[in-house]
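Working through the structure, step by step
Chain residues, written in single-letter form:
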Amino acid sequence: MMTHFRLPTSAIALLVVAGCTPFTAPQAGRALYDQNCAACHGADARGGAQVPDLTTLARRYGGDYPQMLVLDKLDGYARGQTVYAGTEMPEFGHLLTGRLTRVQTDQGLSRPLPEPIVALDAYLQSIQQ
């Protein structure tokens, strides 16, 4: 019998940061956020009337940062899924290029992703309230 357990969001964020390179660290993600996301989600990532608050993702998902959901949204795999119905995101083609790095996800899976996407995810994890 296999026992499953869930790590708290803070532990996941610590593990992610511990495995970061200068290209995938939250600081690199912050710069990418400022260049690509702040115009819609705000400099403080709190969103607005039509744009979600990115600082409360973990809270909205029962205290667990929804890493797979975020990674899917950032790298475009989720386009067309009903979970995103009505949510329009710009295409981030330039963020989907470059060197790949393997990410251990919150669901115990591993997947290769472009370093800019990994950096944005690390930044978003770091700003959860």
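Please read all numbers here as calculations on a predicted model, not as lab measurements.

1. Details of the pattern of salt bridges
Following the criterion strictly, the structure yields four salt bridges and no others. Between Arg-30 and Asp-34 there is a salt bridge; the shortest N-O distance is 2.9 Å. In this pair, Arg-30 and Asp-34 are both assigned in helix H2 (residues 26–36), four residues apart and thus about one turn of the helix distant. Residue classification places Asp-34 among the partly exposed residues on the basis of a relative accessible area of 38%. As a salt-bridge pair, Arg-99 and Glu-115 come within 2.9 Å of each other at their nearest N and O atoms. Highlighted residues: Arg-99 in the loop between helix H5 (67–75) and strand S1 (100–104) and Glu-115 in helix H6 (residues 115–126), separated in sequence by 16 residues.

2. Details of the environment of Arg-99
Each C-alpha atom, one on Arg-99 and one on Pro-114, is 5.7 Å from the other, the two residues being 15 residues apart in sequence. The contact partners of Arg-99, leaving out residues within four places of it in the chain, are Phe-23, Leu-113, Pro-114 and Glu-115. Of note is the side chain of Arg-99, whose polar atom sits 2.9 Å from the side chain of Glu-115.

3. Some thoughts on the packing of H2 against H6
Contact geometry of H2 with H6 gives a least axis separation of 7 Å together with a crossing angle of 100 degrees. With respect to each other, H2 and H6 are oriented roughly perpendicular. In contact with Pro-26, Ala-28, Gly-29, Arg-30, Leu-32 and Tyr-33 of H2, H6 contributes Pro-116, Ala-119, Leu-120, Ala-122, Tyr-123 and Ser-126. Partitioned by chemical class, the residues of the contact of H2 with H6 number nine nonpolar, two polar and one charged.

4. Section: the side chain of His-41
Summarising the element assignment, His-41 is placed in helix H3 (residues 38–41). Among all residues touching His-41, those that are not within four sequence positions of it are Tyr-33, Arg-46, Gly-47, Val-51, Pro-52 and Leu-54.

5. Examining the packing of aromatic side chains
For the structure shown, the criterion picks out one aromatic pair. An angle of 45 degrees between the planes, with centres 5.5 Å apart, marks the rings of Tyr-33 and Tyr-123 as tilted. In this pair, Tyr-33 sits in helix H2 while Tyr-123 sits in helix H6, placing the two residues 90 residues apart along the sequence.

6. Concerning the packing of H5 against H6
In helix packing, the relevant descriptors are the interaxial angle and the interaxial distance, both defined with respect to the helix axes. One way to put it is that H5 packs onto H6 with a least axis distance of 10 Å and a crossing angle of 135 degrees. If you check the angle between H5 and H6, you find them oblique. Here H5 and H6 pass one another in a crossing that is right-handed. On H6, the residues that touch Gln-67, Val-70, Leu-71, Leu-74 and Asp-75 of H5 are Ile-117, Leu-120, Asp-121, Leu-124 and Gln-125. Among the residues making up the contact of H5 with H6, the classes are represented as six nonpolar, two polar and two charged.

Conventions adopted
- Residues numbered from 1 in each chain as written.
- Predicted model: local features only at pLDDT ≥ 70, side-chain atom pairs only at ≥ 80, totals over all residues.
- Heavy atoms only, no water.
- Salt bridge = Lys/Arg side-chain N within 4 Å of Asp/Glu carboxyl O.
- Helix = DSSP H or I, 4+ residues; strand = E, 2+ residues; numbered from the N terminus.
- Buried < 20%, exposed > 50% of the residue type's maximum accessible area, 1.4 Å probe, protein only.
- Contact = heavy atoms within 4.5 Å.
- Polar contact = N/O pair within 3.5 Å; in protein donor to acceptor, adjacent residues only side chain to side chain.
- Axes fitted to C-alpha atoms, helices over the stretch in contact; angles between N-to-C directions.
- Parallel < 35°, antiparallel > 145°, perpendicular 65-115°, else oblique.
- Nonpolar A, V, L, I, M, F, W, Y, C, P; charged D, E, K, R; others polar.
- Phe/Tyr/Trp six-rings, centres within 6.5 Å; stacked < 30°, edge-to-face > 60°.
- Left-handed = near helix turned anticlockwise from the far one by under 90°.

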